Amino acid sequence: MKKYVIVTGGVCSSLGKGVAASSLGCLLGSRGLRVRMIKIDPYINVDAGTMSPYQHGEVYVTDDGAETDLDLGNYARFTLSPLSRANSITTGQVYQEVIQKEREGQYLGRTVQVIPHITDRIKQRIYAIGDDTDTDVVIVEIGGTVGDIESIPFLEAARQIIHELGKKNVLSVHLTLIPEVSGGELKTKPTQHSVKAMLEIGIQPDVLLCRAPQFIEPEMRRKIALFTNVEFESVISAHDIKTTIYEIPLIYQQQKLDEIVLRKLELPVGASDMSAWQKIVDTHSGAKQRVRIAFVGKYTDLADSYKSVDEALYHGGFANGVRVELLKIDSEKLEKQASPEAVFADIDGILVPGGFGSRGILGMVTAAKWAREHGIPYFGICLGLQVMVIEFARNVLKLEDADSTEFSPACGNPVVILLEEQIDVKNYGGTMRLGRSETHLVDGFLPRGIYGTAEIFERHRHRYEVSNKYRERLETAGFKIAGLTPDGELVECMQWAGHPWGIGVQFHPEFLSKPVQAHPLFQSFIEAAKENAAARGAG
Ligand code: GLN
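As the structure is a prediction and not an experimental result, all values here were calculated from the model. (Residues numbered from 1 in each chain as written. Predicted model: local features only at pLDDT ≥ 70, side-chain atom pairs only at ≥ 80, totals over all residues. Heavy atoms only, no water.)

K.L.:
Would you explain the site of the ligand in this entry?
P.N.:
All residues in the neighbourhood of the ligand are listed as G354, G355, F356, C382, L383, Q386, E406, R461, H462, R463, Y464 and H508. In the model, an oxygen atom of the ligand is placed 2.9 Å from a nitrogen or oxygen of the G355 main chain. Between R461 and the ligand, the recorded distance is 2.8 Å, taken from a backbone N or O atom to a nitrogen atom. Coverage of the ligand by the protein chains reaches 99% of its 300 Å² of free accessible surface. Secondary-structure elements contributing two or more residues to the shell around the ligand are α16 (383-395) and β19 (455-462). (Near = heavy atom within 4 Å. Polar contact = N/O pair within 3.5 Å; in protein donor to acceptor, adjacent residues only side chain to side chain. Areas by Shrake-Rupley, 256 points an atom, 1.4 Å probe, with all protein chains shown as cover. Helix = DSSP H or I, 4+ residues; strand = E, 2+ residues; numbered from the N terminus.)

Below, the structure written as structure tokens:
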């Protein structure tokens, strides 16, 4: 029998439900269980592809090219759950699927309604993941907060799943907040109300994860248990941590969360091995040297806009025993600086991440120029590579009007262009090169050595490509092509010759990085930044 854990949230948003669900997945995985993760987003968008990073944080891309919620990135970092289009469910998808079926006449003249048709479709999508033969536990995270109008059909589907499969097979884990009021006192009332809201829709939570600014003492947990009908030991203190988010599974394990869940689901409690996670926390806490990375992008105001890149940089820090400090620089503001010297004075490495649209490009070009001319390790991801090409063409090839046709459609030297077959396509959300594909790394350049292999597979999410017309000129002047698609048609990876570490990639390596196994490019980039720091006597 497949087991299900439904993770919901109460009181307010942004309590870290994704990390909580992932941490539970991590712990169950460490006991040998095959865990599958599902994220439900109650918004009407069919996927996250057209959503601004300002609105909803990073768009996480899966191997099969689904543009999903950033929580799938948490799942990828904390668990071994395979992730594809099927693991991300939105209201938009469910309605689209039901309406499609209705148009095909498959409802045989019946009135199509939220209950049972929408809820049935939600259940089918959830059960489909559990039907994989190699699955033991499916963790379903329902986005939003209990009480939101838009999450009602999903909560109703969850209630029905509990009813159909029984409490031994489905567990409700509810994440709530224990706020601190002036005077430092913790308050349980919002949690009591949140559990009441769950009861109103017919779900009695089995486990409470209580977010709080400090450890919640047993006395208070006993009170919460009494008022919410949850067993005392199942009221878990999910207090703020001072180290890294990767300590969260360990904090849950200290309170036996995994054993409680397994016992309730009548699953065997196998031996757990969390030593790799403990090692990360120890490395992070013990790291004496710090490495400062300037992160030059356009969505730097929102913390989650580049979530996977941030995390991959931290992973690189764990692998090198250093503490990575990110200095988020709004590229638009950099444009207005007379000299970037002040900004980059105390910097060990520069990263320019992905992005869309012309705003702030000049600031990114400035950052790339500074890194290239001053021998500072530079990592360009997707747009960050395209920016390197524009900068090199303008400043080294002296093509002053070099640009990407994304920003300047009629420029004299279009060094980054749309592929022929993509021109005229106006359907945003469906025209990009998306998902996993192969790259051949060229012998003799850094990336080939960093990966230790010539054939690599990475994920993509972009429309524009480095123009093949400029390849020769770029290479002759010292900007080398270090990776191509297997047919040699598209540039995937470039490197500045004669520079300690100047690499740009058209793909998104950040999606494959894990805390326990940093992505080789991020590991190597932080290593180069660490060496730069040591050479400057900083850190
Ligand atoms: N805007 C660029 C393109 O579409 C880069 C995309 C990205 O960085 N993800 O090609």
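Having seen the model, we can carry on.
K.L.:
Whenever I open this one, helix α8 (residues 218-228) confuses me. Can you help?
P.N.:
An α-helical turn contains 3.6 residues, so a residue and the one three or four places further along point in the same direction. Within α8 the residues assigned to the buried category are M220, R221, I224, A225 and T228. Projection of α8 onto a plane perpendicular to its axis shows the buried side chains occupying an angular sector of 145°, all on one side. What points out from α8, more than 90 degrees from its buried face, is the exposed set E219, L226 and F227. N229 occupies a position one or two residues after α8 and carries a positive phi of about 70°. (Buried < 20%, exposed > 50% of the residue type's maximum accessible area, 1.4 Å probe, protein only. Arc of directions from axis to C-beta.)

K.L.:
Explanation requested: the pattern of salt bridges in the structure shown.
P.N.:
Side-chain pairing between opposite charges can occur once the charged atoms of the two side chains come close. Evaluated as defined, the whole model comprises 36 salt bridges. For R36, the salt bridge is made with D134, and the minimal N-O distance between the two is 3.0 Å. Placement of R36 in strand β2 (residues 35-41) and of D134 in the loop between α5 (114-130) and β6 (137-142) is noted, with a sequence separation of 98 residues between them. Classification of R36 as buried rests on a relative accessible area of 7%. (Salt bridge = Lys/Arg side-chain N within 4 Å of Asp/Glu carboxyl O.)

Everything listed here is a matter of coordinates, which is why it stays silent on function.
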